[in-house]
Amino acid sequence: MVDQNKIREAARLMLEGIGEDPDREGLRETPERIARMYEEIFAGMEADGREELSKVFFVENSEMVLEKDITFYSMCEHHMLPFYGKAHVAYIPDGRVVGLSKLARTVEVYARRLQIQERMTGQIADAVMEYLMPQGVMVVVEAEHMCMTMRGVKKPGSKTVSVAVRGVFSDNVELQDRFFKMLQL
Ligand code: ZN
């Protein structure tokens, strides 16, 4: 649970810090709004993928399953500015699959906290390995970082791409290629 009082106080101080009057009409409710918003956008702090990924169906085949274009929003821990984009998650089952919405929920769990993109990518892959126990998993995340596009180097539209491979994907370039081919469909 986030400490809403602390966030309200801090938001007020930040308003003062930038030279604003936190008591003027438009800002009076802002600390309260931020506190409530943080509750939502950092809701992943206390979750892991276990719950989502343990409701499994049993299957015979072991063909690659790809859930692509999972939209996510996260917050960069260096600037507390959003980064957002799409995650693509593929795995090769070892007798168990999950409902597709569960992969999207898993992405959300790791997005809704202060993050760096590379770590988030790895955490999603690790969660799928640990809780779903497939033969392997591959995660690709492409994201735009507001800390790069609205300040600093200012390169709007530039994307950061990160990849995590686990299990049979790790040293199998053919499998990795198949993932990228399936992404283009
Ligand atoms: Zn940043």
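Computed from a predicted structure; not experimentally measured.

Draft legend 1. Local environment of the side chain of Gln 176. As for its placement among the helices and strands, Gln 176 is situated in helix H7 (residues 173–184). What makes Gln 176 buried here is its relative accessible area of 19%. Excluding residues that lie within four positions of it along the chain, Gln 176 makes contacts with Met 138, Val 165, Phe 169 and Ser 170.

Draft legend 2. Seen up close, the confidence of the model for the protein. Averaged over the protein, the pLDDT score is 94; the fraction of residues at 70 or greater is 100%. Ranking the elements of the protein by mean pLDDT puts helix H3 (residues 50–53) last with 88 and strand S5 (residues 114–115) first with 98.

Draft legend 3. Layout of the environment of Leu 66. Considering the arrangement of structural elements, one finds Leu 66 in strand S2 (residues 65–76). The class of Leu 66 is buried, set by a relative accessible area of 18%. Counting along the chain gives 22 residues from Leu 66 to His 88, while the straight-line C-alpha distance between them is 7.2 Å. When neighbours within four sequence positions are excluded, Leu 66 is seen to be in contact with His 88, Val 89, Ala 90, Phe 179, Met 182 and Leu 183.

Draft legend 4. A look at the coordination of the zinc ion. Donor atoms from the polypeptide that bind the zinc ion are Cys 76 (SG), His 79 (ND1) and Cys 147 (SG), placed at 2.1 to 2.2 Å. Mapping the donors of the zinc ion onto the primary sequence gives the spacing C-x2-H-x67-C.

Draft legend 5. Geometry of the side chain of Glu 144. You can see Glu 144 is positioned in strand S6 (residues 136–145). No salt bridge is formed by the buried Glu 144; its nearest oppositely charged neighbour, Lys 159, is found at 6.4 Å. Excluding residues within four positions of it along the chain, Glu 144 makes contact with Pro 82, Phe 83, Tyr 84, Thr 149, Pro 156, Gly 157 and Ser 158.

Draft legend 6. Broad picture of the nonpolar core. Of all hydrophobic cores here, the largest spans 28 residues; its most connected members are Phe 72, Val 89, Tyr 91, Met 120 and Val 128. Those elements that provide at least two residues to this core are S2, strand S3 (82–92), strand S4 (96–98), helix H4 (100–111), helix H5 (117–132) and S6. Grouped together as the second largest cluster of nonpolar side chains are 10 residues, Met 64, Ala 90, Ile 92 and Leu 183 included.

Draft legend 7. Fine view of unusual backbone geometry. Its identity as a non-glycine residue notwithstanding, Asp 69 has a phi of 60 degrees, on the positive side. Within the secondary structure, Asp 69 is located in strand S2. Exposure remark for Asp 69: the relative accessible area of 41% places this residue in the partly exposed category. One non-glycine residue, Met 80, adopts positive backbone phi at about 55 degrees. Positionally, Met 80 belongs in the loop between S2 and S3.

Reading guide: rules and limits
Residues numbered from 1 in each chain as written. Predicted model: local features only at pLDDT ≥ 70, side-chain atom pairs only at ≥ 80, totals over all residues. Heavy atoms only, no water. Helix = DSSP H or I, 4+ residues; strand = E, 2+ residues; numbered from the N terminus. Buried < 20%, exposed > 50% of the residue type's maximum accessible area, 1.4 Å probe, protein only. Contact = heavy atoms within 4.5 Å. pLDDT = per-residue confidence, 0-100. Donors = N, O, S within 2.8 Å, 3.2 Å for Na, K, Ca; no water. Lys, Arg positive; Asp, Glu negative; His and termini not counted. Salt bridge = Lys/Arg side-chain N within 4 Å of Asp/Glu carboxyl O. Core = buried A, V, L, I, M, F, W, Y, C linked by side-chain atoms within 4.5 Å.

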